[in-house]
Each structure stands twice: as structure tokens, then as C-alpha cells.
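Spelled out from the first residue to the last, the chains are:
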Amino acid sequence: EGGGKGGEGLGRAGVLTKRDLESDKLAKLAAETWGGAEPKEADPELVKKIYDEELKGSGFALGRIMTLEYSQYLEKYLWPSYDPETASSQHLMSLVCMVNEKFCEQIPAWDAFEKRAEVFPAFFEAVMALLQAKEGSIRERAFLVRFFVNCFQSLENSAVRSVCLPQVALPLWKHLSHSRLELEIRKAPHLEKRWKTMLKKEKKEGIDRSENLFLPVLLTHFFEQLKAVPAEGKLDLEIRRYLERVLEFLIDLTAQLPTRRFFLALLMDRQVVVRCKLSHLAKRKDGRLFSQLLDLLQFYQHFEINEHTGQSLSRDEMLERHYGRMQLLQRHAFSLYPDQMREFALSNIGAIENRDALWQHLSQLPLEQLKGLLTKVRLIPDADATSPEEAAAFADQQTLLEVAVCAHERRISQLDAINALPLYPGENLLWDENVVPSLNFTGQDVLALPKLNLQYLTFHDYLLRNFNLFRLESTYEIRQDVEDVCLRLRPRLAHYDSGHTTLTGWSKMCLPLDDFQVVEVSKPNLGETKPAHVLAEATFNVEGIRDWRLRKEWEGFREHDILFLLSIRAKYKVGQHPPPTQGRSKEDFCLQHIRGCEVLGMLDADGKILNPLNPESKGLPRGGRRQVRVALDPAQYAIDAAEKAKSGGDGPYKQFNVLMRRKGQENNFKAVLECIRDLMNSDIVVPEWLQDVLLGYGDPASTHYTALSPLKEVDFNDTFLDQQHVRDAFPGRSVDFKPNFKGQVEPPFKVTFPDDKDDKESPLVASSYLPEDPGPYPERARKTNSVRFTDVQVSAILAGTNEGLTQVVGPPGTGKTDTAVQIVSNIYHNFPNQRVLLVTHSNQALNDIFEKIAPLNIHERHLLRLGHDADKLETEEDFSKYGRVQFMLQKRIELLSEVGRLAKSLGVVADVDYSCETAQHFYLFNVLSRWEEFEHKVKESKDAGAVVLQFPFADFFSNAPEAVFKEGMSFEEAMRAAEGCFRHLQYVFTFLDECRAFEILRTYQERAKYLVTTQAKIIAMTCTHAALKRHDFVESGFEFDSLVMEEAAQILEVETFIPMLLQKQQPGQASRLKRVVLIGDHNQLPPVIQNMAFQKYSKMDQSLFTRFVRLGVPYIELNQQGRARPSIATLYNWRYKALGDMPHVSARESFQAANAGFAHEFQMIDVEDLGGVGESEPTAHFFQNLAEAEYVVAVYMYMRLLGYPAEKITMLSTYNGQVALLNDVCTQRCASHPAIGMPAKIATVDKYQGQQNDFILLSLVKTKNIGHLRDVRRLVVALSRARLGVYVFGRTSLFSNCIELSNSFTILAKKPSRLALVLNEPYPAQRKLTDACEVFEIHNVQHMQALVMQKLEEERHFSAAQGKIKEAQDQAAKRIAEAQARYAMKNVDGDARVEPPAEGEEGEEGEQCKEEECKKGQEGKEDEAEGEEREAERGES
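Residues numbered from 1 in each chain as written. Predicted model: local features only at pLDDT ≥ 70, side-chain atom pairs only at ≥ 80, totals over all residues. Heavy atoms only, no water.

Engineer: Is there a simple way to think about the sheet that holds strand S5 (residues 562-568) in this case?
Structural biologist: What the six strands build is a closed barrel, ordered S3-S4-S7-S6-S5-S8; its pairing is antiparallel. With strand direction ignored, the average angle separating the axes of adjacent strands in the sheet is 45°. Across the sheet, helix H27 (residues 548-555) lies against strand S3 (510-521), strand S4 (534-541), strand S6 (591-602), strand S7 (625-632) and strand S8 (658-661), angled at about 100° from S8, the strand it touches most. (Pairing = 2+ DSSP bridges. Helix = DSSP H or I, 4+ residues; strand = E, 2+ residues; numbered from the N terminus. Axes fitted to C-alpha atoms, helices over the stretch in contact; angles between N-to-C directions. Contact = heavy atoms within 4.5 Å.)

Engineer: Teacher, can you tell me more about the sheet that holds strand S11 (residues 749-752) here?
Structural biologist: Read from one edge to the other, the open sheet built from four strands follows the order S9-S11-S12-S10, with strand pairing classed as mixed. On the outer flanks of this sheet lie strand S9 (713-715) and strand S10 (735-738), each paired with one strand and no other. This sheet shows a mean twist of 20° between the axes of neighbouring strands, independent of strand direction.

Engineer: Can you help me understand helix H38 (residues 971-1000) in this one?
Structural biologist: One turn of an α-helix holds 3.6 residues; hence residues three or four places apart share an orientation. The end-to-end C-alpha distance of H38, which contains 30 residues, comes to 44 Å, matching closely the 44 Å that a straight helix rising 1.5 Å per residue would cover. Within H38, the axis deviates most sharply at Glu994, by approximately 30°. (Expected span 1.5 Å × (residues − 1). Bend = angle between axes of the 7 residues up to and from the residue.)

Engineer: Before we go on, may I ask you to explain the pairing of strand S28 (residues 1282-1290) in this structure?
Structural biologist: Sheet faces and side chains relate simply in a regular strand, where the side chains alternate between the two faces. Burial of S28 is extensive: nine of the nine residues sit out of reach of the surface. Of the pairings in the sheet, the one linking strand S27 (residues 1253-1259) to S28 comprises six bridges and is parallel in character. Across the sheet, the residue bridging to Leu1258 is Val1288, located in S28. As a crossover connection, the stretch from S27 through helix H50 (residues 1272-1279) into S28 is right-handed. (Buried < 20%, exposed > 50% of the residue type's maximum accessible area, 1.4 Å probe, protein only. Right-handed = clockwise from strand over helix to strand, strands pointing away.)

Engineer: So what exactly am I meant to see when it comes to the packing of helix H12 (residues 215-227) against helix H13 (residues 237-254) here?
Structural biologist: Two numbers describe how H12 lies on H13: the axes approach to 10 Å, and their chain directions differ by 145°. Every pair of crossing elements has a handedness; the one defined by H12 and H13 is left-handed. Across the interface between the two elements, Leu215, Leu218, Leu219, His221, Phe222, Gln225 and Leu226 of H12 pack against Ile239, Tyr242, Leu243, Val246, Leu247, Phe249, Leu250 and Leu253 of H13. For the contact of H12 with H13, a count of residues per class yields 13 nonpolar, two polar and no charged. (Left-handed = near helix turned anticlockwise from the far one by under 90°. Nonpolar A, V, L, I, M, F, W, Y, C, P; charged D, E, K, R; others polar.)

See the structure below:
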């Protein structure tokens, strides 16, 4: 569809240079006709001319379409002037092309139609009429079908939904055959009344709602084109693409419940799958993609779901349906043809349910009898009650037999098919372009891939789509590594043996295999056909590895590491090179086979798996020969064994000659796939209030806490800082305050809400209370929050504390992490017996949030951080499993010593501090009894003096920093102090009771398991760790009540879903999960997907957070940012509803001060080509821009010379190639210079999401086209990383014309396009941001470099002068020391009575040195003054 002729068929990468746009006549026409700010009235003749000549005339060249879309043809010209009555077909088709292109570019397409939304239904009807008409080429029809694909994938848009759903509603059944209609109404009796009511209403109104339905017409035309495909010979490419596009549309309709419900009956009535299978195209070699799409359609046609109720069908229910169909067929066969079909009718179903048996029995019937049987069971329409064309489709016996067999054969369970699927990709899957496309996917083609959209049929469907896409994304990443390794190895045919392959190259990620043997193949488990496990041993040699670090990596394989076995056979002789066009198949890389395996362990000298902790192990054998034992994939091994038995040969396992490894973090794919497959094999139980919304159905607001059971009273703990803070947190509501027992109104507060949740008039009641006295020791003093939360943040905290689903959208700098931390703290204090699971996308984010939780009033014994990088936490304590176990053991010792001291103070002579058990006995019989006796005595007297005299633990608390009881205390105050002391004792013995398990459990593994399953209340991990360890969590009995997820918009949908299912569900019980809190920002970057096809076609980068927002689930958007200057925030706050600024970003001195040396706090600097070169691409998709890199580094050097700290400056770019170039230039220019050094970080915008710095230098790289910065989410991330200054380097003329980015670049355009500096202003600046300054303008990168070189020269002169002064000072000090030594010697010898110089009197030498220093200093100042004069004289040079 998106092809072209000659120079017009541009690829997606590198489309439309700026020069192309400037010289192109179509671009000039666009600029002249609709290039202004306001929409223009369209000229119908011009629209026709553009379509006929530029679009259709060029074969719908991608370059032409992109030029028009880029020029805002849709927004400014086509749609504002569209008139349903007079619009031509060319106008309609132009609109369709523009909408399709926007979807291809992942740009919001329906926003333009919001203006004049009332016209949209008429436009949609016109497009339908155009599709139903017989006019137009096959390519134009393909564009129309693609338009409908995009429409039915956008049902969240109300305007689109209102016109699409009527096309798949009940009137569609009027196009069914009579027999099929009877069958469908019998299957869904509740629809019979609705059907009759619809017919009566249509008859009364005199209309037929089925006349305007385009799907029946589409199917008819589809079969006409399919029938025209020849069995052999040349096939029109456009026809094939059209048929594939229609199949994609049919798959989409059957894969969503709202569209599937009534459409599926039409699909089965027309027998689409059977007729496509028997078509010539399905049997042709170039029909492979068509066949793959057909398999996907057949899969969804027979999906295990009740179409009318939406209920998932179990395996037993599917079998019951199958047996019912078979019994019906047997009965009718016997009743109609008892003689021919007696054996078939009386046979056991198990004997006749496979394809061969059914075919054999049914083929005995003649054509007419077979047709009569199938008509009787309602599989084909009655010939007398259907059109001649439809009757002709079922006129041959081959078709009838296929219809009967497909309807009645027993199909393998979808779950069994997934369980039999290998988890490692094979060589055929790696290079299958239909399912694993190359990186340069344009978005124009159809692929045999599932799609992630708004709705899913069942949880099985949900997991299956994610499983397939995750597997294919991993396959693509593995393919990249395999291609890299094969190219680096350079396999060639040996001179001495033309059949032998020699590796003339080298790669650190692979080694030649000396030997590979399969050592064990176990018997299959009960009910399976694949082996239970397959073990093998691989032998390789590490003697040739000189780098000890690399050798250590090859010798240090650990259990569960993933390796790949490659069979490489050379095609070229030594000295020959493959042609550059190769790289599309396994043969191009000389690869025959590839199999994955999982490491069980390295083998030691005895041939046993090496255990480093075993003192008896002999370690690795001497020399370089190494063996590793691996587990092969049993499913793949069974497939290979069957293939070997069928075709003969040695099979792949005797041909492997290369062992390949990958980086550790890249090999999590197998564990995640196993996790998803385990979920599909288990019963999935999620909270009832969340289930429908997860699948995309039901009322989105039903998950909000207000729709469930909101808390009537919430303890906000330390959320509020004072009384006014409470009032500010509930704007528009009156608040009544209740004092604590001391008569004070101060934090903490408990807030009571009205019984009626809709009551907004009644006042809230904020009750102040005194927190429990923790005792007299300061280390147990209560810690409090210091953040003054905004009213919106308090709303988020309130929602997160309640049960239900809470979504918090956090724009940059709005305190998402602080809000998440306070939610966790409030849950901890409101529900002390509940456990919280805290999940983030990255280890860095997890550490950030955990470092904020640790200082709160949460006891550290309840905190646990799982996974990698726990050691990088910047906290005093170690919160890893090992650290927590050691903490508990150490704390046990400390507390037992306190128990001993307590016993001594009470006069108890017993060994009570021997263990936690003896300590508990001591508490019950000696401590608790004394306290109860004390309470009984003093509560009757109500006398503070009695409390002091009777207090039984006074001796124990005598070492407190302050006296427990103070003079003048009231009874209540004295009793509160006594209770605080007893509470401390309770803490000691409660802690010891928790330590008791660590006494009983002897191994680290048992203690760590207890820590995870019982001890910890707040458990933090990454989503990847949750997926990797889910099986262990479930088996260990891990449980939790709340899930709080940060960075939720950056996490893959399935990786968000898995943490909800980390606990084992008890049969018949509801889910324990009570609340889910998702915190993220869908306006920033989504999850990273390497393959563009999975991102554009399958929408794999859609997070669960984003899908919930699209579905309309209520969310709270934080509305005040506290990161950036208000002026910088304007660059991105337009993207949000009402993003304002916190007071401190205007009040603090650091935000008021100007950026030293810069005239502006932000600026877009126009960077011209350097040496005639702008953007370059040294390798595919590795974009660089040397001019911008040099400019960025020069500005960084300038900042460092002014005194800016390096750790406050970050360089960012939108492409990896530019990051590599910036690193190279920085290393060369800055790394070795002591006054400059490297910046804090050089990274891509994508990888820097979630981080910030004071100053950002941003390189946009592109000069030919905008590239992926056109995704507004990437722009928001790029411009929101800076606190005090952001300087953007790019081509202003290119980026300022993009409508999606116009809000930001319009603001940037208000500043000069040349870098404006303020010379000789050291950091930090004393100048205010509003102060006037003298501006020095930089013309280009060479000018900036000259300025930096001048500064460096001045710095060198100054450093040299400073060095001379220092040298003179050292020499003077040395001479003074020598003179003092001589004076001392003379004084001792008595030869002279000359006194040494007094302090400050340095003698002649010292005076001379002072004069020299003054002179040198004066010379340095003169040099500096001369440098300034030279700079002034140079002027505009």
C-alpha cells in the first residue's frame, strides 16, 4: 500500500529531507495554499488534482503522503472544508490517506475531527458507500479497509464508537442464512425477544437497518478477489495485499467482544476460514503471510469463550460442546442415511473425532447426500433459501467435506499448544519476516501478529497475546546478537578441506565448541509426549583468552544462565566476502541451526557440577578445557526428534560448533515466558472489582474507592504539618477540629468523613490526637514527614489508603515519589497487620523510593528490598535479605542483654536472657504481672505521686537521657510517661518474639524465606524480579494486601499484571489483594520496545496504566511542579490539564538567580552544518551530528571554566549514535583536562527518564526529518529534566514547523536562535534572572570553540602564574626554615646572641620573596587585562 515508483518510494527511515521539502513542488504548493496559521477553504479542483496526480498518480508513494500529512493537509485544508453533500471521492480518499498515515506515525488522528464533530457520522457513511461501490482500484479499496481497521481499533473515542458499533450490531444477522439464524437464536434464547422487537420496529418505521451495513458487501468482494487468484503464475501484488488487509480486519473484529458478538455468526455462516483454506492463495509460496493470518483468524473463531455472555469456557465445557456437535452429526447421519452411515453413527466418538477418520466416513456420501446432511446440521445454507452465488460456493464435495471436518474435528487445546511451544527461538522463527520484521518496518504492511488494544476476550487471551509478543520481541533481540556474532566470526571454507568451516574472526560473546553431547533424555511425564528433561554437556577451551576478566566470565557460568548452541557452516572461501545486500535469512549468516539451553553448572575436575561453597570440591580442572552441563528445551527436542525420524539425517545436536552467550540482563526472557505460561496453566483470581476493567469492560469508575466501601475515618498520621495544612488539603469543604486530651490542635490528625459520600455540605472532622509515647530513649522517637503536600496530593494519598484502584498521573517534578511514599506509610499505620508490595520499573527508581521510606516512622525490621542493586541503597542499614537476617540476629543479641539488665533491676535471679523463649516466659511471669499490678494500684488513686512511687521499672529506666517523670506532672501526664516506658518494654519483647523464628531456623535460606513471607511488612522489588521469582513466591506462601507501583506507565502491560498474582490463591476464596495504586505519567515515554513492528503494529509499548487512562478509569493528576523554574516548566506544562508551580520554585534564591555566563535560562540554539554535513548515519539507524556534538561539548567546557560543577551538568540526545559521539568528543576534549573532566552523565532521553539535573544540554541531531522526537512524549521528557537551565541544540527551521511540537518550540522561538552569553561572569551568578545584562552573541560552533580556546589559554596563563607564585612561596618558606635553623644552632653554640626574626619578620630573603610575589601577581593581572582587551578587539570574529 505504501510503495511507490522510482524516487517516490522512500523508506520510512530518512524520508523527506528539509531540502526535499524546500525544493518539492507539492511542499511549495502546501506552503502557499494552506501554510498559514488558520484553516483555508478548500478548492475542490485542487483537491482532485493533488489526489489524481500526487497520490494516485505516484502509486500512493510514501513520500507524497508524508509530505501532505507533514504540511497539515488534513487539519488545515481537507477537514475544515469537507461537505458531505458535495465532497468528491478524491476528497474522501485524501482524508482516508491522511488518517492512515497519522496512525502509521502513531500521531493522534481523531483530534482534528473534534472540530465539526457533527459532520463525522456523514463522513463515515460516505467512506462506507465508497467501499461498497464497485469503483476504485484494488489499492484504493485496501486503503479503505485499513481506515476501518484503524476505526475499530479506536473504540475508546466516542465519535468513532458511535458509528462503528452499529455496523456489528443485531441487524447484521439479517444477512445470515435462515438455518444459521435459527441456530444462533437457539444458542442465545435471550436474543429472540430482542430480534422480534427489532423486526416490528423496522416494519413500523418502514426502514431496514441492514441496508447500510458494509461488512456483508466487503466479504462478497473479498471472495470475488480470492477466487480470481490463479493456482500458479504471476499474482498481482496489490490483490494479495488487499486480501491480507481484509483478513487483518476480520481478525480484529473477532478478537474484541463488542464486535465479535454478532459478527462471528456471519463469519461462520459464510465459512470464511474453510473457503480461504481451499483457495489457491493459501497453497502458493507467496501466500505464506495469508496462511499465517488465516491461522490467527481460525484461532479466534474457535476461541474458548461464550460470545453472548463473555464467560471463559473451561476445557471440560469445550469438550462438552465438541461431543454435542459430534452426537448431533451422528444422529442426523443415521436418520438420513442409515445404510451408508451406520458404522459412523454407532462408533465411539473417540474413534471418529480426528480429521482422517471424519474424512474417511463422510467421503462415502455422494455430493447431494453430503449437502443434505450439512444443511440439516446447519453448517451450510439451504440452496433454495440463498443466492445463487452463495449456493455455488458449496457446490463441490471437497468444500463440503472440509466444512464438515473443520466443524467437528477435535482441536488441540490452546493451552496444550502453548505448553508444547519451545521457549527458545529456532533458526526458522528468527528470520521469519512475517512475525519478526526487520527494524525498518514502515507501518504500511500487514503482519501475522496479535495486537494489544483496549479489550481482551478472557484472561487467557490477554496472557496469550502478551506471551506471543514478548517471545517475539525476545526473538528479535536474540537475532540481533546472532547476526552480530556470525558477522564477527567470519566463517570461511578451509583451503585444505572444502567441506570444513574455519572461523577467521573472533567475538568475545562466543567460543568454538570442542564437543557437544546429549547425556540424558528422561521419560515424558504422565499425559505428555515431550521428555521431562534433556541434559547435555558442552566442552570449550579458554586457553586462547588473554583478558582475565573475559576468561572469568566464561568460567563463571551460574545456574539458570542462558546459552545458545550454533551450527555455522561457511559458504565462502577465505578471501571471499558476501555481497552487501545479504542479511535477510539464516543462510546469509551461514547459520544452519540454533538452540537455546539453560546452564545447570560448570563441571569440576571429577565431572560433577561445581559448588563453590563445598570445601571438598576440587574446583575447575587444570588447563583451558572447560565443560558446562546444560538443560535443553524438551519441547524443541521432541520436535527435532520427530523431524529427524521423518526426514533422516543427524539432526542439529551433532552439528553444533559454536557456543554463544549474552549479557546477563538480556537473558531474563525465558523466566518471564515461563512465568506467563504458568499463569495460563493456573486459575487467575483478581479482585472482583478489578476483573472486568482489566479485560476492558464494565464501568471504569467502579474500581474507584468511592464506588466500593470508603473509610469513614482515616488516620492521616504525619501527612499534615499543621492546622492550616488540613484546611488547604480540602478546598471548598469546611473542617471542624477536635483537640487532643491536652487541649491542643496539632498533628497528627484523624479525619472523619460524612456517612453519605455524596454529601459535600457537611463539615469534615479533624481530630487531633497524641501519638503513643514510644518511651524515654531518643532512638525510638517518632519520625515525621516534612513535605507540605498539596490538596491534589492529599486526594491521591486518601484514595491510595482506601481499598480499590487508584491511578495517579504525576507530571515531571510533581512529587510522585513523595506521594507514593506517604501512601505506603499511611497503609502501614492504618492497617498494621497488612503487607504492602512496592514495585517499580528500574532498580534506580526502587532505590530512590526506598531511600525516602527508610527515614519515615516505619520500623526497619518491617522493610525489605529484593533483587539486584540493593547494595547501592544510600542508607545506613542494609535492607537486602542478607542484611535483614544479619540485622535480626544482631538485634536479638542486643535485646537479650537488655532483658538481662531488666531482670537484674527487678531482682530476678534466673537465666532469662538465654534465648527468646526464656525471655518470653520472663515477660509473662515477671514483667506483665508487675505492670498489671501497678495499673490496678494507681488507677484507683488518680495521684501522680503514686505513679512515681509505685512504678516497678524505675531502676531499669534510670539510664534514660532524661528523667522519666518530671516535677509538676499531672496524673494523666505521669501515667502517659509510665505507659511509654512499658511500651518500650513491649517493643523489646515483641521484637524478641519475632526473633524467635531466627533462633529456630538454622539455615540462611529458611531465615530469608521467613523474612519474605512473614516478617517484612513492606517488600520492594522491580517488576522483572517479580516475574523471575513468581514461582518461588507462590510456592513459599508469600502474601500481600496492597500493591503500590511506581513508574507504572513505563512498565509493559504483562509485567504490571504479574505482580498482582504473586500469591497463591486458595480454592473458593476471593483475592486477598485489597488495593492497587498505579503511579506514573502516560504523557511521558512508554515501555521500551526494540522492534518497531511490535511497537507500531501490535501496540506492545502500551502500558496497563495507559490502557486504563484510555478506558476512562478515574485518575488523579498532580497539578503543581517543584522541580524547574516556572519559565522552563512552560515548555511542557501545556501537555497537562492545569500544571502550576509550587511556591518554592519562585521564592528560593537558586531559582531567582540567573545562570552564570548565560543571558537566558533556556534557549534553542540553531546549529548549522559543519563542513556541509548535518545529520549523518555511519551505520543503519545510528544517527549522529558532529556540529551539534562539538557545540554541546564547547558549551560544557565553557560552563566548567566558569566554575559550574560537573555533577550538575548532563548531556542528552535523542539517539544512541549521538550519545556515542558525545562520549568520544568529551573524552578527547575534556576527560584529561583537570579543570574540566567529564559531565555527570551522557545519555539518551529515553534512558534518562525519571532522573534530573540542574543543567541540561540537549542535542536533537536530526536535520533531514524530525524523526522519533515527533512523539510528544519524548519531547516532554527531554524538556523536563532540567531544574535551572536547558539549552537545546538543533535545526530550528525543521522543528519549529511540526504541529505536534509547536507548543514547545513556539516558546523556544521567542528567545534568540544564537547562543546568548554574558562574559566573565563566574559561577554562581550574583545577577538575578530579571536583571539586565550585556549580551555576547555566539554565531556558530566555530565561534564558540574560539571563545573556549581563549578561556583555556587564559586559564593556562593564570595557572602558570599561580604555579610560579606557589613555587616562590615554597622557596621562601624553605629559606626561612633554613635561616631559623641556623639561628637556633648559633644560639645553642653560644657563638652569637642574634635573635631569630620575630613572627611576621622574615628577613631580607622573605621581603624579597614578597616583592617578587607582588610583581608576579601584578603581571598576572596585567595579562588578564590584556586578554580582555584582545577579546574586545576581536569583536565579531
